[in-house]
Amino acid sequence: MALLAIESTASLAGVTLVDAGQVVGTVRIAHRHNLSGNLLYATEWLLNRHGLAREALRAIAVNVGPGSFTGLKIGVVIAKMWAHVWAIDLVGVSAFETCAVEMPEGMAALVALPARKDALYVQWLRSMAVPEPLSPPAMVLHHALSEWLQQSCPDVPMCGAIGVAQARTWIEPFLPNLHWRTIESPSPEGVARVGWQRWQAKEVVAPFQLVPLYLQPPSITPSRRARTR
């Protein structure tokens with residue numbers, strides 16, 4: 001009963017293999033050219049390394065975002081394709097859940113990830129086996145961050161934050177008492193941990209119904225004339 005987890009939303013991608021509930025191996029991939037091919041090669045290598053045939057995979061968990069548009073699209077398409085072709089279960093895990101699960105259990109954690117140069121993807125969650133959302137996910141511009149934090153910060157005794165170094169630089173002046181964990185990117189192990197729990201709870205999705213979590217508005221908007229045609 002093996003599950004493959006795919007992370008492709010940031011500069012460091014990767015795959016993690018879970019067998020009988022235990023993480024048995026991870027391959028990290030620099031997000032450069034041929035990401036789709038490298039994810040395939042990494043998966044094949046992991047299975048061979050641990051003596052498992054492809055048929056041992058019974059589920060795929062994938063980070064559905066938010067994150068890099070190209071990387072997110074590649075990871076989700078691969079996961080949907082493999083789940084459909086191999087007739088196995090598919091589980092979606094958000095980038096926020098992927099990070100929050102790495103914080104101490106029961107802690108209210110602010111997850112802060114890069115959106116663009118002037119904005120962050122942010123959400124408060126309670127760290128659990130499947131993290132519980134405490135605020136809606138959002139993309140917040142730098143100049144609006146103070147207001148968003150004032151409105152969204154939960155009134156609980158245990159609060160921490162996990163995110164990239166840029167996020168800490170922006171947020172710490174407003175919430176100086178947060179316990180920080182600085183990361184480079186969401187991890188495939190986090191996708192695997194949440195994905196496994198969600199799979200055991202039978203929270204699966206049909207491949208063609210899985211939708212990425214896009215929070216950033218499109219950079220190109222059709223003209224009014226084009227929309228009415």
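Scroll up to find the structure this text is about.
The structure contained in this document is the topic of the report that follows. (Residues numbered from 1 in each chain as written. Predicted model: local features only at pLDDT ≥ 70, side-chain atom pairs only at ≥ 80, totals over all residues. Heavy atoms only, no water.)

Focus: the sheet that holds strand 5 (residues 89-93)
With mixed pairing, five strands are arranged side by side in an open sheet as 3-2-1-4-5. In this open sheet, the two strands that pair with only one neighbour each are strand 3 (22-30) and strand 5. On average, each strand axis in the sheet is tilted by 15° relative to the strand beside it, whichever way the strands run. Bridge count for strand 1 (residues 2-7) against strand 4 (residues 57-63) is five bridges, and the pairing is parallel. Paired with Ala-5 across the bridge in strand 4 is Ala-61. Across the sheet, helix 6 (residues 188-200) lies against strand 1, strand 2 (12-19), strand 3, strand 4 and strand 5, angled at about 135° from strand 1, the strand it touches most. (Pairing = 2+ DSSP bridges. Helix = DSSP H or I, 4+ residues; strand = E, 2+ residues; numbered from the N terminus. Axes fitted to C-alpha atoms, helices over the stretch in contact; angles between N-to-C directions. Contact = heavy atoms within 4.5 Å.)

Looking at helix 4 (residues 145-152)
Quick reminder: α-helices carry 3.6 residues per turn. Residues three or four places apart thus point the same way. Along helix 4, the residues that are buried comprise Leu-145, Trp-148, Leu-149 and Ser-152. Considered in projection along helix 4, the buried side chains sweep an arc of 100° and stay on one side of the axis. Counted as exposed and oriented over 90 degrees from the buried face of helix 4: Gln-150 and Gln-151. Looking at the buried residues of helix 4, the elements they touch are strand 6 (108-116), strand 7 (119-126), strand 9 (138-141) and helix 5 (165-171). (Buried < 20%, exposed > 50% of the residue type's maximum accessible area, 1.4 Å probe, protein only. Arc of directions from axis to C-beta.)

Thoughts on the layout of surface pockets
Taken as a whole, the largest pocket spans an internal volume of roughly 320 Å³. For the largest pocket, the lining is made up of 23 residues, of which Gly-67, Ser-68, Phe-69, Ala-115 and Tyr-121 are closest to its centre. Residues that form the lining of the largest pocket fall into these classes: 14 nonpolar, eight polar and one charged. (1 Å grid on protein atoms, 1.4 Å probe; cavity = no way out; pocket = protein on both sides within 12 Å on 5 of 7 lines; lining within 4 Å. Points joined across faces, edges and corners; volume = space filled by probe spheres on them. Nonpolar A, V, L, I, M, F, W, Y, C, P; charged D, E, K, R; others polar.)

Focus: the nonpolar core
Residues Ile-6, Val-15 and Val-62 are the most contacted members of the largest nonpolar core, which totals 27 residues. Put simply, the parts of the chain that give this core at least two residues each are strand 1, strand 2, strand 3, helix 1 (35-49), strand 4 and helix 2 (69-86). Broken down by element, this core gets its largest block of residues, six residues, from helix 2. Core analysis: the second largest hydrophobic core is formed by 20 residues, Ala-112, Val-140, Val-164 and Ile-171 among them. (Core = buried A, V, L, I, M, F, W, Y, C linked by side-chain atoms within 4.5 Å.)

Description of the environment of Gln-151
Summarising the element assignment, Gln-151 is placed in helix 4. As for Gln-151 and Ser-135, which are separated by 16 residues in sequence, their C-alpha atoms are 9.7 Å apart.

Some thoughts on the state of the cysteines
Note: disulfide means a covalent bond formed between the sulfur atoms of two cysteine side chains. Within the structure shown, the criterion is met by zero disulfides. Cys-99 takes part in no disulfide bond, and the closest cysteine sulfur to it belongs to Cys-159, at a distance of 17 Å. Here Cys-99 falls in the buried class, since its relative accessible area comes to 1%. Cys-153 supplies the cysteine sulfur nearest to Cys-159, a cysteine that is in no disulfide, at a spacing of 5.0 Å. (Disulfide = S-S within 2.5 Å.)

Digging into the pairing of strand 6
Among the nine residues of strand 6, seven are classified as buried, and the element is accordingly described as predominantly covered. Judged from the eight bridges that link them, strand 6 and strand 7 form a sheet pairing that is antiparallel. Residue pairing for strand 7: Val-111 is matched across the bridge by Gln-123. With five bridges joining them, strand 6 and strand 10 (residues 159-163) adopt parallel strand pairing. Residue pairing across strands places Ala-112 opposite Gly-163, the latter belonging to strand 10.

Focus: the pattern of salt bridges
Using the criterion set out here, one finds eight salt bridges in the structure. For Glu-97, the salt bridge goes to Arg-198, with nearest N and O atoms at 2.8 Å. With Glu-97 in helix 3 (residues 95-100) and Arg-198 in helix 6, this residue pair connects regions lying 101 residues apart in the sequence. Relative accessible area serves as the criterion here: at 11%, Glu-97 is assigned to the buried category. With a closest N to O distance of 2.6 Å, Arg-116 and Asp-118 form a salt bridge. A relative accessible area of 35% places Arg-116 in the partly exposed class. Given the relative accessible area of 35%, Asp-118 is considered partly exposed. Bridged by salt links that share partners, the residues Glu-97, Arg-198 and Glu-203 form one connected network. (Salt bridge = Lys/Arg side-chain N within 4 Å of Asp/Glu carboxyl O.)

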